[in-house]
Each structure stands twice: as C-alpha cells, then as structure tokens.
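# Observations on the model geometry
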Amino acid sequence: MHINIYCIKKIRFLPQALLLLCFNLTHSASFSQSSVYSVRFLDNQKSFPKISEMMSREEDTLQKQFQAKQLVWPARFVYIRSFKYDSEMEVWVKNKQSEKYKYFKTYKICALAGSLGPKRMAGDYQVPEGFYYINEFNPRSLYHLSLGLNYPNASDRMLCDLSQPGGDIYIHGSCVTTGCIPITDGQIEELYVLAAHAKDLGQDFIPVHIFPVNFENPKSVAYLNRFLTSFNEFVPFEKSMQNAFYYFEKNHQVPPVIVNSKGEYIIDDVGVPATLSPKNDSWTSKKLSHPVQPIPEEELAVSVDKLPLFPGGNQAFKVFIDKLSADMIKELEPGQTKAFVLMEYIIDENGKTIFANAISGGNEKMDLKIEKAFTDMALWTPAVRQGKNVPIKLKQNIMVEAP
C-alpha cells in the first residue's frame, strides 16, 4: 500500500508515542466519497456569483494550458510546493494515484514576510515551513480569494509557542502579506479553480509543502547556509526539508513524512547532495556594501500583539508597491524584462522606516532607488507588543516587469 501524507494522527500503541502523518491516502481512500458529495462541493462553490463567473472564465483557459502541455484536464491530483526565498510556487498534477506527478506551472509569490525558518508563534510575521494541506476554500477573502492551510500541524503544535501558535495561513491574492503566501489575483483564480476540481474529484487533502529555498538553486542554498550560521538550531529541520525536496525530485511522488515524539519530521533519505553546511558562509551579494542596521537584531520584536499598519491600510500599501514596481521598469538593464527585488526594512517604535535593504534581486541603481522609496515612506502605525510600541523588521518582494 502506498502511503501519502495529509492527515495527522497519533498512533498511541507505537513506541515512544510515534506520530504518523497519514497525509498520503490510498487510491481507494482518495475516491471513497460518493459522487453526490463531489458534485455538491462544486455546486456549493458555484453558488457564489463571484466563483460561478470565475469558473466559467478560468476553466476554458486552464483547459487550453493543460492541452498545450499534454496534460489531462481536470487534474484529479494536485501537489503544490512553495519556495520562500526564491518567491516561487510550483504546481504539479496527475490523474492516477500510480502515476508520477507532472509539472504544470510556476507562480511568482509577490510579497514575503519574515525570514527563513519555521513559524513558531503568532505575530512573528513568519511564513511557515513544513508539510501542510489545503483545508479551506474561501471565496469571501479580503484578499480576493484564498486557500487555507492546516497550520499548525502536528509538528508545529509540539514545537511552537503553545499559548499563541498563530494560525490563519492562506495562499491568497493581492500582493501584501503578514505571514501568508500571496500571488496575484489572476494566479489565485487559476489555482483556486484547479484545486476545486481536484477536491471535487475526491482529493480531500491537497498537499502544500513549503520549503525555505529551492535546493537546486546554488545561490538560494548559499543564502540558506548563511542564515544557518546564525540559527544553527534549524539545521536538522532544514535537512529534513531538503530530504523531502529530493525525494520528490527522484520519485515525482509526494514523500511520506513521519513526525516523531519530539515534533521532528522524519523523511526517507534518498541520498541527497550535502548542500547544507552551516559553517559555509560563501554567500556574497552583488552590492559592494549594505546599509548599516541601526537596531541590533536582538532588540527587534519577534512577535507582536498588533502588526504595524501602512497609512491607509493594506490596500494603500498594495497601491504603493504597484506604483513602485511600475516606476522601476525604466531601471531594468538592456535586455532585462523583469526583476524580483527582496527588501527587508525596519519600522521603529514611532512608525518610521529607519532601515531598508535590498538583499537580492535587481541591479545596484534599482536597489538604491527602492531603498530610498522605502525610507521615504510616511509614518506607519507602529507594531504593539504587550501594550508598548516596538520596532520590527519586515520583508517585501517587489516584482518589476516590463509590459
């Protein structure tokens, strides 16, 4: 029996309270529901006028995309894997349990909060890392549409702050985030329809695996190694993520994952390259110098009760980012059609942006202009922790693309 991973259950009779992730369902379990239930899911979704109109529009587009890639529409199985530092989300599909997954397309994640490493508490701005599945289809999202993830999972519940683990993690539209995975409105429409059809056909647990980096990208792995020099406690965690990545690379099947009694992920070792080395600090930036961070890292808030707010709110921040992206088109180098600039910036206890640094992406001139645009922002409503205003570091991805 082939076992995949989508639900988490404690097997009490196993030694040392071993936790088995039964994320992967057998072929029969995946299709154990009656056709009545399957029909009801899409019917329920189409009862929302917004979804009904979108389905009519996107189904034809998706069918043509599948046909162009010699894929069968609609897909009965969908697998999503996201790469935080690379700001990319891959979608893989297949139509039989025994088949290998085939690549469909990559969506660009258009904003990023937090840093590498797993999410461990509410208000830390972190995007989770680990093994999740879609547990909610939300047509009424404030961010156009959203697909909810089952954070915290069994591992998270053992390792995170039990009093405030956080939640409400979504893949959604609108290019703003405080710890979710945002893609554009057009992309979330495609993904929503794709996932809705898979669920309608019986895939109750659509896997979403969130990796720190794409382990096939040497520059991304070098950046992860640099991160691990400061956060050695995450080395075992990131090695398990690497094992899962290469399991899929080798087999094109979702890896079986076990969570042990310590909350650690256990994944079959398929002979992965020894790319992770916390002592390897070979990462270099294209920039000759970086802005000096005025507040030491240990004095920045890692969790807050209230997140900082851009003047005018999240929608106004989206307008700011969209305008900045458009203004930077003229800074693209000859022959360059797009750039993705990853910014980190600090909002201090007064709401002022006191630090901005382009840590990857564009060119030197573009980076400097984006950094200035961030430091020139109007005052935010500052973050609050235990009734006190506190400084916090944020990250934001800027997508610059010529029309």
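That block above? That's the structure.
First, a word on what this report is: a plain description of the structure on this page.

Attention now goes to the overall build of the chain. For the chain, the helix and strand inventory stands at nine helices and 17 strands. Each of the 403 residues in the chain was classed as buried or not, and the buried ones make up 55%. Total accessible area on the chain is roughly 18100 Å²; 53% of this is exposed by carbon and sulfur atoms.

Take the environment of Q242 next. With respect to the helices and strands, Q242 occurs in helix 7 (residues 235-251). C-alpha separation for the pair Q242 and F211, spaced 31 residues apart in sequence, amounts to 8.1 Å. Contact partners of Q242, with chain neighbours within four places excluded, come to F215, V272, P273, T275 and L276.

By size, the foremost hydrophobic cluster in this structure holds 76 residues, and its most contacted members are I171, L191 and F215. Ranked by the residues each element gives to this core, the list is headed by helix 5 (residues 185-200), at eight residues. Setting aside residues no more than four positions away along its own chain, L191 makes contact with I80, M89, V91, Y107, L147, I171 and I183. Core analysis: the second largest hydrophobic core is formed by 27 residues, A301, A339, A383 and V400 among them.

Counting buried positions along strand 4 (residues 88-94) gives six out of seven residues, so the element sits mostly inside the fold. Summarising the sheet, strand 3 (residues 77-83) and strand 4 pair through seven bridges and their orientation is antiparallel. What sits directly across from F77, in strand 4, is K94. Connecting strand 3 to the next strand, strand 4, in antiparallel fashion are four residues, including S87 with a positive phi near 55 degrees.

A few words now on the side chain of E331. Counting through the fold element by element, E331 comes out in the loop between helix 8 (314-327) and strand 13 (338-347). Judged by relative accessible area, which is 9%, E331 ranks as buried. Non-local contacts of E331, meaning those with residues more than four positions away in its chain, are made with N363, K365, M366 and K369.

Between the first and last C-alpha of helix 7 there are 24 Å, a value that for 17 residues agrees with the 24 Å anticipated at 1.5 Å per step. When you tally the buried positions in helix 7, you get 12 out of 17 residues, the bulk of the element. Residues V235, F237, E238, S240, M241, Q242, N243, A244, F245, Y246, Y247 and F248 constitute the buried set of helix 7. The inward-facing, buried residues of helix 7 contact strand 3, strand 4, strand 6 (130-138), strand 10 (207-211), helix 6 (218-230) and strand 12 (265-267). Two residues or fewer past helix 7, H252 is found with a positive phi of approximately 50 degrees.

For any two helices packed against each other, one specifies the inter-axial angle together with the distance between the axes. It is at 11 Å that the axes of helix 8 and helix 9 (residues 364-375) come closest, and there the two elements cross at 155 degrees. Here helix 9 runs roughly antiparallel to helix 8, going by the angle between their axes. Along this stretch, helix 8 crosses helix 9, giving a crossing that reads as right-handed. Seen from helix 8, the contacting residues are F320, I321 and L324; seen from helix 9, they are I370, A373 and F374.

On to unusual backbone geometry, then. Between W73 and P74 the backbone carries a cis peptide bond, its omega angle lying at -10 degrees. By the secondary structure assignment, P74 is in the loop between helix 3 (49-68) and strand 3. Residues Y151 and P152 are joined by a peptide bond in cis, for which omega reads 0 degrees. One can find P152 in the loop between strand 7 (146-149) and helix 4 (154-159). In this structure, Q70 is a non-glycine residue whose phi angle is positive, near 55 degrees. Considering the arrangement of structural elements, one finds Q70 in the loop between helix 3 and strand 3. Residue classification places Q70 among the exposed residues on the basis of a relative accessible area of 73%. For S87, which is not a glycine, the phi torsion comes out positive at approximately 55 degrees. Mapped onto the secondary structure, S87 falls in the loop between strand 3 and strand 4.

Moving on, we come to the sheet that holds strand 3. Across the sheet, eight strands lie side by side as 5-4-3-10-6-7-8-9; this open sheet has mixed pairing. Among the strands making up the open sheet, the edge pair consists of strand 5 (102-108) and strand 9 (181-182). In terms of strand pairing, strand 4 meets strand 5 through six bridges, oriented antiparallel. By the bridge assignment for strand 5, W92 is matched with Y103. Where helix 7 meets the sheet, its contacts fall on strand 3, strand 4, strand 6 and strand 10, and the angle it forms with strand 3 comes to roughly 140 degrees.

This paragraph deals with helix 9. Taking 1.5 Å of rise per residue, 12 residues should cover 16 Å, and helix 9 covers 17 Å from first to last C-alpha, within 8% of that figure. Those residues of helix 9 that fall on the buried side of the exposure criterion are M366, D367, I370, E371, A373 and F374. Relative to the axis of helix 9, the buried residues are bounded by an arc of 160 degrees and lie together on one face. Opposite the buried face of helix 9, at more than 90 degrees from it, the exposed residues are K365 and K372.

What counts and how
- Residues numbered from 1 in each chain as written.
- Predicted model: local features only at pLDDT ≥ 70, side-chain atom pairs only at ≥ 80, totals over all residues.
- Heavy atoms only, no water.
- Helix = DSSP H or I, 4+ residues; strand = E, 2+ residues; numbered from the N terminus.
- Buried < 20%, exposed > 50% of the residue type's maximum accessible area, 1.4 Å probe, protein only.
- Areas by Shrake-Rupley, 256 points an atom, 1.4 Å probe, with all protein chains shown as cover.
- Contact = heavy atoms within 4.5 Å.
- Core = buried A, V, L, I, M, F, W, Y, C linked by side-chain atoms within 4.5 Å.
- Pairing = 2+ DSSP bridges.
- Expected span 1.5 Å × (residues − 1).
- Axes fitted to C-alpha atoms, helices over the stretch in contact; angles between N-to-C directions.
- Parallel < 35°, antiparallel > 145°, perpendicular 65-115°, else oblique.
- Left-handed = near helix turned anticlockwise from the far one by under 90°.
- Arc of directions from axis to C-beta.

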